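What the coordinates show
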Amino acid sequence: MENKHQEYAPLLAQLSTQLNDLSARCKKLDQTVKQTENQCFVFDRHLFSTTSLTLMGYIEQIDSTLTSLQNAITNNRPEILINHECERYVGQFQVLLKLVQGLEKGDAALLYKSYSSPKEQIFQQLQKQYQYEHRLLDMIAEQEERLPTSPEKDRPYIKKKVVALKLRYQKCNTYTQKLEFKLEDIQDE
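Positions within a chain are numbered from 1, following the residues in the order the chain's sequence is written. For a predicted model such as this one, the threshold for reporting local features is a pLDDT of at least 70, and the threshold for listing and counting side-chain atom pairs is 80 or more; totals across whole chains, interfaces and linings nevertheless cover every residue. Side-chain metrics rest on all non-hydrogen atoms present in the structure, leaving aside hydrogens and water.

Comments concerning the environment of Thr 50
Helix and strand definitions here come from DSSP, where helices need a minimum of 4 consecutive H or I residues and strands a minimum of 2 consecutive E residues; each element is numbered from the N-terminal end. For Thr 50, the location among the structural elements is in the loop between α1 (2-30) and α2 (55-74). Think of it in three bands: with a 1.4 Å probe and only protein chains considered, a residue is buried below 20% of the maximum accessible area for its type, exposed above 50%, and partly exposed in between. Note on Thr 50: relative accessible area 47%, which makes it partly exposed. Put simply, Thr 50 and Gln 127 are 77 residues apart on the chain and 9.1 Å apart in space, counted from C-alpha to C-alpha. Excluding its chain neighbours within four sequence positions, the residues that come into contact with Thr 50 are Tyr 58 and Gln 61. Working rule for contacts: check all heavy atoms of both residues, and any pair within 4.5 Å makes them a contact.

If you want it as structure tokens, here you go:
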């Protein structure tokens with residue numbers, strides 16, 4: 001367990017440093033760029049659990065994802081959960097960085113978006129899917145952790161539960177991929 005934490009320590013430190021740098025840039029931009037309910041940032045918001053009227057609101061969510069990644073590593077969670085958290089962090093960081101770079105260049109087109117577009121509806125569906133996938137991965141990890149320490153009579157039930165959860169995760173992930181392809185199709189039009 002300690003080995004995995006030591007292995008990832010330099011990476012986590014680097015991610016934290018990069019997030020602090022992006023945070024400083026966002027603080028500066030938040031003083032000049034204002035959003036309203038009808039005017040918001042244009043980027044893949046589906047990667048975030050909630051929308052925010054400030055860039056720092058998105059930084060807080062990325063920081064939460066980084067904490068979740070650190071916890072997954074510290075608690076020796078399965079590789080699939082660590083990879084999921086890592087991908088979520090990278091996705092959130094990249095879209096916010098791209099937005100910040102565009103705003104720093106003065107790209108006003110990054111500030112307007114309509115709410116009722118089909119693309120936004122798919123974003124919302126994707127957000128729900130990502131959250132559900134994360135919950136399923138947590139449940140699988142919890143059950144797999146219980147298995148070695150549970151009484152012999154409970155093990156077959158826990159194994160069946162893990163198999164059922166993994167099957168549910170596969171179905172969920174397949175649907176998520178379909179939504180992602182649908183979103184790509186809309187973006188290509």
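Picking up where we left off.
Re α2
Residue count minus one, scaled by 1.5 Å, sets the expected span of a helix. When the terminal C-alpha atoms of α2 are compared, their 29 Å separation across 20 residues agrees well with the 28 Å that a helix rising 1.5 Å per residue should span. Immediately downstream of α2, the backbone of Asn 76 shows phi near 55°, a positive value.

So, the pattern of salt bridges
By definition, a salt bridge exists where a carboxyl oxygen of Asp or Glu is found within 4 Å of a side-chain nitrogen of Lys or Arg. Overall, the coordinates contain six salt bridges when judged by the stated rule. Residues Glu 145 and Arg 77 are paired through a salt bridge, measuring 3.2 Å at the closest nitrogen-oxygen approach. Residue Glu 145 is located in helix α4 (residues 118-146), and its partner Arg 77 is located in the loop between α2 and α3 (79-104); the two are separated by 68 residues in the primary sequence. Judged by its relative accessible area of 41%, Glu 145 is partly exposed. Look at Arg 77 and you get buried, because its relative accessible area is 17%. A salt bridge links Glu 152 to Arg 155; its shortest N-O distance comes to 3.1 Å. Classification of Arg 155 by relative accessible area gives partly exposed; the value is 24%.

Describing the packing of α2 against α3
Under this scheme, a helix contributes an axis fitted over its contacting stretch, all axes are lines through C-alpha atoms, and angles between N-to-C directions fall in the 0 to 180 degree range. At a minimum axis separation of 9 Å, α2 and α3 run at an interaxial angle of 160°. Classed by the angle they form, the pair α2 and α3 counts as roughly antiparallel. As α2 runs across α3, the sense of the crossing is left-handed. On the side of α2, the interface is formed by Leu 55, Tyr 58, Ile 59, Gln 61, Ile 62, Thr 65, Leu 66, Ser 68, Leu 69, Ala 72 and Ile 73, while α3 contributes Ile 82, Glu 85, Cys 86, Arg 88, Tyr 89, Gln 92, Phe 93, Leu 96, Leu 99, Val 100 and Leu 103. These descriptions rest on fixed angle ranges, namely under 35 degrees for roughly parallel, over 145 for roughly antiparallel, 65 to 115 for roughly perpendicular, and the rest for oblique. In this scheme, a crossing is called left-handed if the near helix is turned counterclockwise away from the far one by less than a right angle; it is called right-handed if the turn is clockwise.

Describing the packing of aromatic side chains
Any two rings among Phe, Tyr and Trp, with Trp reduced to its six-membered ring, count as a pair given centres within 6.5 Å; such a pair is stacked if its planes are under 30 degrees apart, edge-to-face if over 60, and tilted if neither. Enumeration according to the criterion identifies two aromatic pairs in this entry. Seen from their ring centres, Phe 48 and Tyr 58 are 4.8 Å apart, and the 65° between their planes marks the pair as edge-to-face. Of the two residues, Phe 48 is situated in the loop between α1 and α2 and Tyr 58 in helix α2; the sequence distance between them amounts to 10 residues. Residues Tyr 89 and Phe 93 carry aromatic rings whose centres are separated by 5.9 Å and whose planes lie at 25° to one another, so their mutual orientation is stacked. Here Tyr 89 pairs with Phe 93, and both are found in helix α3, just four residues apart, close to one helical turn.

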